[in-house]
Amino acid sequence: MDLFCYREGRLWCEGVAADELVGRYGTPTYVYSHGTLVHHLEELTRGFAPVDPFVCFSVKSCPNVHVLRALVERGAGMDVVSLGEMHRALAAGCPPERIVFAGVGKDDAELRAALLGSTDPAYAGPPRPIAMINAESAAEVDRISRVAAGLGVRAGVAVRVNPLVEAGGHAYIKTATHASKFGVTFDQCAQIAAAHRGSPSVWVRGVHVHIGSSIATADPYEEAIRRVVGLVERLGSEGTAIDHVDIGGGFAADYTTGQAPAVPTYAQRVVPLLLPLRRRGVRVMLEPGRMIAGNSGVLLVRVLYVKRSPEKTFVICDAGMNALLRPALYDAFHFVWPARVGPEHTPARRERAPEMPGLVSVDVVGPLCESGDFLARDRALPPVEPGDVLAVFTAGAYGMSMANRYNSRGLPAEVMVSGESSRLVRRRETIDDVIAHELGAG
Ligand code: LLP
């Protein structure tokens, strides 16, 4: 479900037409639907209600502070992977107790911030540790222990394990294979727990898994969680009581209509496995990113030229892989459609190969000097002209967060729509912004 739809030939985000947004904010612009963000969060929370889930939004998927705030206000926690993301979560009003911190390479400054609940290097108040540090190696837990001892606190740690299940929409987003840098083996987890049992500075109390991203079936979750439940039993029998189980994120989004399973499809298989733990007081955590943010955002771009070669027609837009890297990086599919269309071209579904009269096959490309700079290839679109606006759908997750300044183009603007109102939540970068950090250049 999302609140982007066509009415009378115009694309609307909730109660605001896309062409009005372009008139007001220009292009390229990311547009987020507040109602869609909140809907997805609530749907997930409802689906997993029997285990009373603690849902931590994966900040990396869509880190704008205003997006985070919309979710924090509805009770979400935040899953962060850097000092910067933690800074954003706090800026969005997320209490430290609702933050979890993952990532294979945390440094002392990040661990200190996690244990103090502040990203301010000069912070001198009482420690307010975050909910959980999800540690990824024995050496990291040793480091946590050292930093925590220095601060006089006891760090709550979940060990990320690799359950060795095959899942994830693309080789680059699989995280639980033998070749993966993430997590530790179950035996290593048991060794870490044993090494720190009774430690005044580290409390190994959680197990964390994240098996990949864009996972459109419940099967790998079921397999991974069965293994994790077995590990929790084993750790218990060895003297480590686990009271937090974090099952990560990875739930799919609808890049094409109906592609992503509904939340109950996952929940029906996973909840029964987790219920016995929940009944023993274990807190169940989830870290969704794409499932909440993916369909909550579109990228609006403007057509600059339509260029025909003997082989192909190129629709050249004012943004490409700089604004949305996913097609170039993963060959990812995003549905692209004009923001204004005739009645015969109103899309009933978002699909790979729509069949309607009068469509033409085109490559939708950006302005960058790079052949991989495309948003869509060999795509049937209604005829477009320079000046037309195209919407790139399901761009809310890993869109703006992976945007870059390649070819010295500033980052796009971001706009939040709620009902009939819209507001700029990140201004478009200027060319002065682009060179601002190059000392003495301005
Ligand atoms: N938790 C951890 C530890 C993660 O590493 C990730 C994503 C998530 C949660 C959220 O996963 P999600 O629910 O969004 O699938 N750039 C890629 C996706 C990389 C995902 C990285 N980790 C893309 O554009 O598809």
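Residues take numbers from 1 onward in each chain, read along the sequence in its written order. Local features in a predicted model are, by the rule used here, given only for residues with pLDDT of at least 70; side-chain atom pairs are given and counted only at 80 or more, and totals for whole chains, interfaces and linings are based on all residues. To get the side-chain values, all heavy atoms of the structure are used, and hydrogens and water are removed first.

**Some thoughts on the domain arrangement of the protein chain**
What counts, and what does not: As used throughout, domain bounds are those supplied by an automatic or database domain assignment. Throughout, a residue-residue contact means that at least one pair of heavy atoms, one from each residue, lies within 4.5 Å. Two parts placed together each lose some accessible area under a 1.4 Å probe, and the buried area is that loss summed for both. Salt bridge criterion: a side-chain nitrogen from Lys or Arg within 4 Å of a carboxyl oxygen from Asp or Glu. Two N or O atoms form a polar contact when they lie within 3.5 Å of each other; inside protein one atom must be a possible hydrogen donor and the other a possible acceptor, and for residues adjacent in sequence the pair counts only when both atoms belong to side chains.
When the domains of the protein chain are assigned, the result is domain 1 (4-31 + 294-434) and domain 2 (103-286). The C-alpha centroid of domain 2 is placed 36 Å from the C-alpha centroid of domain 1. Domain 1 puts 13 residues into the contact, and the matching count from domain 2 is eight residues. For the pairing of domain 1 and domain 2, the buried interface totals around 950 Å² over both sides, and the portion due to carbon and sulfur atoms is 54%. It is Tyr330, Arg350 and Thr394 in domain 1 that bury the most area against domain 2; as a group they hold 42% of the surface buried on that side. Between domain 1 and domain 2 we count zero salt bridges in total. Here domain 1 and domain 2 share four residue pairs in polar contact (both at pLDDT 80 or more) between them.

**Quick look at the packing of helix H3 (residues 65-72) against helix H4 (residues 83-91)**
Just so we agree on the cut-off: Note on geometry: axes are lines fitted to C-alpha atoms, helical ones only across the stretch in contact, with angles between N-to-C directions running from 0 to 180 degrees. Secondary structure elements follow DSSP: runs of H or I no shorter than four residues count as helices, runs of E no shorter than two count as strands, and numbering proceeds from the N terminus. In what follows, roughly perpendicular refers to angles from 65 to 115 degrees, roughly parallel to angles under 35, roughly antiparallel to angles over 145, and oblique to any angle outside these ranges. By the definition used in this description, the sense in which the near helix is turned from the far one sets the handedness, with an anticlockwise turn below a right angle giving left-handed and a clockwise turn giving right-handed. Amino acids are sorted into nonpolar (Ala, Val, Leu, Ile, Met, Phe, Trp, Tyr, Cys and Pro), charged (Asp, Glu, Lys and Arg) and polar (every other residue, Gly among them).
Contact geometry of H3 with H4 gives a least axis separation of 8 Å together with a crossing angle of 55°. In this view, H3 runs oblique relative to H4, as classed from their interaxial angle. Viewed along their axes, H3 and H4 form a crossing whose handedness is right-handed. Contact residues: H3 offers Val65, Leu68 and Arg69, while H4 offers Arg88, Ala89 and Ala91. Residues of the contact of H3 with H4, tallied by class, amount to four nonpolar, no polar and two charged.

**Thoughts on the nonpolar core**
The nonpolar side chains of a soluble globular protein tend to be buried, and buried together. The condition that has to hold: The criterion is simple. A nonpolar core is a set of buried Ala, Val, Leu, Ile, Met, Phe, Trp, Tyr and Cys residues joined through side-chain atoms within 4.5 Å. Classification of residues uses two cut-offs on accessible area relative to the type maximum, computed with a 1.4 Å probe and protein chains only: under 20% is buried, over 50% is exposed, and between them is partly exposed.
Phe48, Met78 and Val161 are the most contacted members of the largest nonpolar core, which totals 136 residues. The residue makeup of this core includes at least three contributed by each of domain 1 (4-31 + 294-434) and domain 2 (103-286). Listed in part, the seven residues of the second largest apolar core include Cys56, Val100, Ala131 and Met285.

**Examining the site of the ligand**
Put simply, the test is: The cutoff for a nearby residue is simple: one of its non-hydrogen atoms must lie within 4 Å of the molecule or strand. Computed with the Shrake-Rupley method and a 1.4 Å probe, the accessible areas treat only the protein chains shown as cover for residues.
Ser213, Glu287, Arg326, Tyr330 and Tyr398 are the nearest of the 18 residues found near the ligand. Taking Gly250, its main chain carries an N or O atom lying 2.7 Å from an oxygen atom of the ligand. Between the ligand and the protein, one listed contact pairs an oxygen atom with a backbone N or O atom of Arg290 at 2.8 Å. Taken by itself the ligand offers 580 Å² of open surface, and the protein chains cover 91% of this. Of the residues assigned to the shell around the ligand, the class counts are five nonpolar, seven polar and six charged.

**Remarks on helix H8 (residues 219-237)**
Three- or four-residue spacings in an α-helix give side chains the same orientation, since the helix completes a turn every 3.6 residues. We apply this condition: A helix is expected to span 1.5 Å for every residue after the first.
Given a rise of 1.5 Å per residue, 19 residues ought to cover 27 Å, and the 28 Å separating the end C-alpha atoms of H8 matches this to within 8%. Along H8, the residues that are buried comprise Pro220, Tyr221, Glu222, Ala224, Ile225, Val228, Val229, Leu231, Val232 and Leu235. Here the buried face of H8 lies against helix H7 (186-196), strand E10 (202-208), strand E11 (244-246) and helix H9 (263-279).

**Thoughts on the environment of Val38**
Relative to the elements of secondary structure, Val38 occurs in helix H2 (residues 34-47). As for Val38 and Glu370, which are separated by 332 residues in sequence, their C-alpha atoms are 37 Å apart. In this view, Val38 contacts Ala70 and Arg74; residues no more than four positions away in its chain are not counted.

**Examining the sheet that holds strand E5 (residues 54-58)**
Strand pairing in a sheet is mediated by backbone hydrogen bonds. Such pairs are either parallel or antiparallel. Where we set the bar: DSSP calls a pair of strands paired once it identifies at least 2 bridges connecting them.
With parallel pairing, eight strands are arranged side by side around a closed barrel as E5-E6-E7-E8-E9-E10-E11-E12. Across the sheet, the mean angle from the axis of one strand to that of its neighbour is 30°, orientation sign disregarded. Sitting on the sheet, helix H6 (residues 138-151) is in contact with strand E8 (132-135), strand E9 (155-160) and E10, with an inclination near 145° to E8. Running at roughly 160° to E10, H7 makes contact with E9 and E10 of the sheet.

**Brief notes about the side chain of His208**
Relative to the helices and strands, His208 is located in strand E10. Judged by relative accessible area, which is 0%, His208 ranks as buried. Not counting residues within four places of it along the chain, the set of residues in contact with His208 comprises Ala102, Asn134, Ala158, Val159, Arg160, Val161, Asp246, Gly248 and Glu287.

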